[in-house]
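The chain contents come next:
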Amino acid sequence: MATSSKVLISVQHLVKEYNHGAVHALNDCNLDIHKGEVVAIIGPSGSGKSTLLRSLNMLEEPTSGAIFFDGVDLADKSVDINLHRQKMGMVFQHFNLFPHLTVKKNLELAPSLLKLKDIEAISARADELLARVGLADKANAYPKSLSGGQQQRIAIARALAMDPDVILFDEPTSALDPGSTMKVEELMNELKKNYTVVIVTHNMQQALRISDRTAFFLLGELVEVGPTNQIFSTPRDKRTEDYISGRFG
Ligand code: ADP
C-alpha cells in the first residue's frame, strides 16, 4: 500500500509510568503513523519501545496523553476498545500460539468467538491465509511440531484472520535463526502492500530493509523520527548517531 497522507494512529503527549511513578517508561511521546506506512521503532532495551507498542492497542493504559485511532480517542470510556483492538493485529517475539489447538484452529478461534463471519467463511479464510504464508500443509499440526519460523508465520496468519488495518510486530524475529528471519521478513514485505505496519526491532538491518520511517527511542523519549534512510545515514541527534553506530545499547 502506498503511504497516504491520512493519519491512522496519532500518539499525543503520551506518558506511561509504572510502579506509581517510580518508572518513567514513556515521556511525552508524539508520533503520527500514516495509513499504509511501515514504521520501525528502534532503541536500546528499556527505552519504552514495547510499552509504546502495547499502548497503541491499549494493552497498557496511558498515564496521560492520548492515542487516536482513525480519529477516535482510545481512552474515551465510551469507545468499544475491543472493536478497535480487532483492527490492530499483534505479533509477538515468542509467537504466543495456543498450544492445545491445531494451526488452523489457532486462526479460526478469535473470528469464531467474535462471530465475525459464518463458520464456512472463517474456515475458508484460514485456508487462504495458511496458503499465503506457505504453510497450508500444516493446518492440522500442533504448534509445538513446527519450527520457530513456521510458528511465527502462523502467528502472522492468525493476526491477518481478524482482517486488521494495522499489524503491530514486537521483535518478531529476535527468537529466530537467520533463515527463518529472512522468510518472516519476506512475508512482512508482502504485508506492506495491504496493511499499515509498526515494528519494534533490535535489528537495524531489518529496520532498513522493511520500514519507510524509523523512530529512535531512548530512556522513554522519542529522540528522533524520520525517513529510515535519513535516520540511518544522517541522523540529526547525536544520541541517534551513537546508537546507530553501536556506541551504546
Ligand atoms: P523496551 O521495549 O525498549 O525494551 P519497555 O517498554 O519494555 O522497553 O520498558 C520501558 C521501561 O519500563 C523499562 O524500564 C522497564 O523496566 C519498565 N517496564 C516495562 N513494563 C513494566 C511493568 N509492567 N512494570 C514495571 N515496569 C515496567
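Everything quoted here is computed from the prediction, not taken from an experiment.

Draft legend 1. Highlighting a nonpolar patch on the surface. A contiguous nonpolar patch, built from F98, L109, L113, L114 and L116 and spanning about 420 Å² of accessible area, is present on the exposed surface. One can find L109 in helix 3 (residues 103–113).

Draft legend 2. Spotlight on the sheet that holds strand 8 (residues 196–200). The strand order across the open sheet formed by 6 strands is 6-7-8-3-9-10, and the pairing between neighbours is mixed. Sheet topology places strand 6 (88–91) and strand 10 (221–227) at the edges, where each strand pairs with a single neighbour. Each neighbouring strand pair of the sheet contributes to a mean axis angle of 15°, computed without reference to strand direction. As paired elements, strand 6 and strand 7 (residues 166–170) share 4 bridges and run parallel to each other. Bridge assignment links V91 to a residue of strand 7, and that residue is F169. Running at roughly 170° to strand 6, helix 5 (residues 148–160) makes contact with strand 6 and strand 7 of the sheet.

Draft legend 3. Main features of the environment of D237. With respect to the helices and strands, the residue D237 is situated in the loop between helix 8 (228–233) and helix 9 (238–244). Distance in space between the C-alpha atoms of D237 and S112 is 48 Å, their sequence separation being 125 residues. Apart from the residues within four sequence positions on either side, D237 is in contact with V223 and E224.

Draft legend 4. The arrangement of the packing of helix 3 against helix 4 (residues 119–132) in detail. It is at 9 Å that the axes of helix 3 and helix 4 come closest, and there the two elements cross at 135°. Between helix 3 and helix 4, the angle is such that the two are oblique. Our pair here, helix 3 against helix 4, has a crossing hand that is right-handed. From helix 3, V103, K104, L107, E108, P111 and S112 reach across to helix 4, where they touch I122, S123, A126, D127, L129 and L130. Of the residues assigned to the contact of helix 3 with helix 4, the class counts are 7 nonpolar, 2 polar and 3 charged.

Draft legend 5. Spatial organisation of the site of the ligand. Around the ligand, 13 residues are found, and the nearest of them are G46, S47, K49, S50 and T51. Between the ligand and the protein, one listed contact pairs an oxygen atom with a side-chain N or O atom of T51 at 2.5 Å. Those elements that place two or more of their residues in the shell around the ligand are strand 2 (23–34) and helix 1 (49–56). Broken down by element, the shell around the ligand gets its largest block of residues, 4 residues, from helix 1.

Draft legend 6. Main features of the sheet that holds strand 5 (residues 72–73). Strand order in the open sheet formed by 4 strands is 2-1-4-5, with antiparallel pairing between adjacent strands. In this open sheet, the two strands that pair with only one neighbour each are strand 2 and strand 5. Across 2 bridges, the pairing between strand 4 (residues 64–69) and strand 5 is antiparallel. Bridge assignment links F69 to a residue of strand 5, and that residue is V72.

Draft legend 7. Quick look at helix 6 (residues 178–191). Helix length check: helix 6, at 14 residues, gives a terminal C-alpha distance of 20 Å against a target of 20 Å (1.5 Å per residue), a fit within 8%. All of the buried residues in helix 6 are S180, T181, V184, E185, L187, M188 and L191. Projected onto a plane normal to the axis of helix 6, the buried residues spread over an arc of 160° and lie on a single side. As for helix 6, its buried residues are in contact with helix 4, helix 5, strand 7, strand 8 and helix 7 (204–210). At the N-terminal end of helix 6, a side-chain oxygen is found 3.0 Å from the backbone nitrogen of G179, two or three residues along, and the residue is D177.

Draft legend 8. Main features of the pattern of salt bridges. Taken as a whole and judged by the stated rule, the model has 16 salt bridges. Salt-bridge contacts for R213 lead to E37; the nearest nitrogen and oxygen are separated by 2.7 Å. With a gap of 176 residues between them, R213 in strand 9 (residues 213–218) and E37 in the loop between strand 2 and strand 3 (38–42) connect regions that are remote in the sequence. Linking D163 and R125 is a salt bridge whose minimum nitrogen-to-oxygen distance equals 3.1 Å. Of the two residues, D163 sits in the loop between helix 5 and strand 7 while R125 sits in helix 4, which places them 38 residues apart along the sequence. Under the relative-accessibility criterion, D163 is labelled partly exposed at 37%. Via salt bridges that share partners, K104, K105, E108 and D127 belong to a single interconnected network.

What counts as what
- Residues numbered from 1 in each chain as written.
- Predicted model: local features only at pLDDT ≥ 70, side-chain atom pairs only at ≥ 80, totals over all residues.
- Heavy atoms only, no water.
- Patch = residues over 30% accessible without salt bridge, like charges linked within 9 Å, V, L, I, M, F, W, Y side chains within 5 Å.
- Areas by Shrake-Rupley, 256 points an atom, 1.4 Å probe, with all protein chains shown as cover.
- Salt bridge = Lys/Arg side-chain N within 4 Å of Asp/Glu carboxyl O.
- Helix = DSSP H or I, 4+ residues; strand = E, 2+ residues; numbered from the N terminus.
- Pairing = 2+ DSSP bridges.
- Axes fitted to C-alpha atoms, helices over the stretch in contact; angles between N-to-C directions.
- Contact = heavy atoms within 4.5 Å.
- Parallel < 35°, antiparallel > 145°, perpendicular 65-115°, else oblique.
- Left-handed = near helix turned anticlockwise from the far one by under 90°.
- Nonpolar A, V, L, I, M, F, W, Y, C, P; charged D, E, K, R; others polar.
- Near = heavy atom within 4 Å.
- Polar contact = N/O pair within 3.5 Å; in protein donor to acceptor, adjacent residues only side chain to side chain.
- Expected span 1.5 Å × (residues − 1).
- Buried < 20%, exposed > 50% of the residue type's maximum accessible area, 1.4 Å probe, protein only.
- Arc of directions from axis to C-beta.

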